[in-house]
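# A structural walkthrough
Now for the letters of each chain:
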Amino acid sequence: VTLMLNEITIMGRLCADPELKTTQSGTPVTNFTVACDRDRELNGERPTDFIEVVAWSGTAEFVNRYFQKGQMAIVSGRLQSRKWEDRDGNKRVSWEVVADHVYFGEPKRNE
């Protein structure tokens, strides 16, 4: 038996405030982008990856309620690809993290 595993954990800052939406069946969903700096410099700079994340149900509501732009988040879940066609009929692939859990990556800010 071959065991396969699709598990990912990322840590970075939210690029924008999450926006909660609801599917036609009433399921809460939110999409957000996390900016993750790489740990090694390239040409004197640290490259940044911008990783798309989708959260569903209670996780979506939690993220929408407690996270905002610039806040550090730790996201664990699975990596998922989606195939689609653009307006010109070109085949595209998008990658996103489907969040199982989202944690605070820093202490709460005093405002």
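Please refer to the structure placed before this passage.
To start, this report covers the structure provided alongside it. Just so we're clear, the structure is a prediction, and the values are computed from it rather than from any experiment.

### Describing unusual backbone geometry
Its identity is not glycine, yet Ser57 carries a phi of approximately 55 degrees, on the positive side. Take Ser57: it is sitting in helix H1 (residues 57-66).

### What to know about the pattern of salt bridges
Under the definition given, this model contains four salt bridges. With its nearest N and O atoms 3.3 Å apart, the salt bridge here joins Glu106 to Arg13. Of this pair, Glu106 sits in the segment after strand E6 (91-104) while Arg13 sits in strand E1 (residues 8-14), and the two are 93 residues apart along the sequence. For Glu106, a relative accessible area of 24% gives the class partly exposed.

### Quick look at the side chain of Ser76
Position of Ser76 relative to the elements: it lies in strand E5 (residues 72-85). A relative accessible area of 16% means that Ser76 is categorised as buried. Residues in contact with Ser76, not counting those within four places in the same chain, are Ile8, Thr9, Val98, Ala99, Asp100, His101 and Tyr103.

### Digging into the pairing of E1
Where a strand is regular, its side chains alternate between the two sheet faces. Where E1 and E5 come together, six bridges link them in antiparallel fashion. The residue of E5 that forms the bridge with Met11 is Ile74. With two bridges joining them, E1 and strand E3 (residues 28-37) adopt antiparallel strand pairing. Within the sheet, the bridge partner assigned to Arg13 lies in E3 and is Ala35.

### Comments concerning H1
Count 3.6 residues to each turn of an α-helix, and residues three or four apart come out pointing the same way. When H1 is considered as a whole, its buried residues turn out to be Thr59, Ala60 and Val63. For H1, the angular spread of buried residues about the axis comes to 100 degrees, placing them on one side. Where H1 is buried, its residues touch strand E2 (19-22), E3, strand E4 (48-56) and E6.

### Here we look at the packing of aromatic side chains
Within the structure shown, the criterion is met by five aromatic pairs. Between Phe62 and Tyr66, the ring centres sit 5.2 Å apart and the planes meet at 50 degrees, which makes this aromatic pair tilted. Taken together, the positions of Phe62 and Tyr66, both in helix H1 and four residues apart, correspond to about one turn of that helix. Look at Phe62 and you get partly exposed, because its relative accessible area is 27%.

What counts and how
- Residues numbered from 1 in each chain as written.
- Predicted model: local features only at pLDDT ≥ 70, side-chain atom pairs only at ≥ 80, totals over all residues.
- Heavy atoms only, no water.
- Helix = DSSP H or I, 4+ residues; strand = E, 2+ residues; numbered from the N terminus.
- Salt bridge = Lys/Arg side-chain N within 4 Å of Asp/Glu carboxyl O.
- Buried < 20%, exposed > 50% of the residue type's maximum accessible area, 1.4 Å probe, protein only.
- Contact = heavy atoms within 4.5 Å.
- Pairing = 2+ DSSP bridges.
- Arc of directions from axis to C-beta.
- Phe/Tyr/Trp six-rings, centres within 6.5 Å; stacked < 30°, edge-to-face > 60°.

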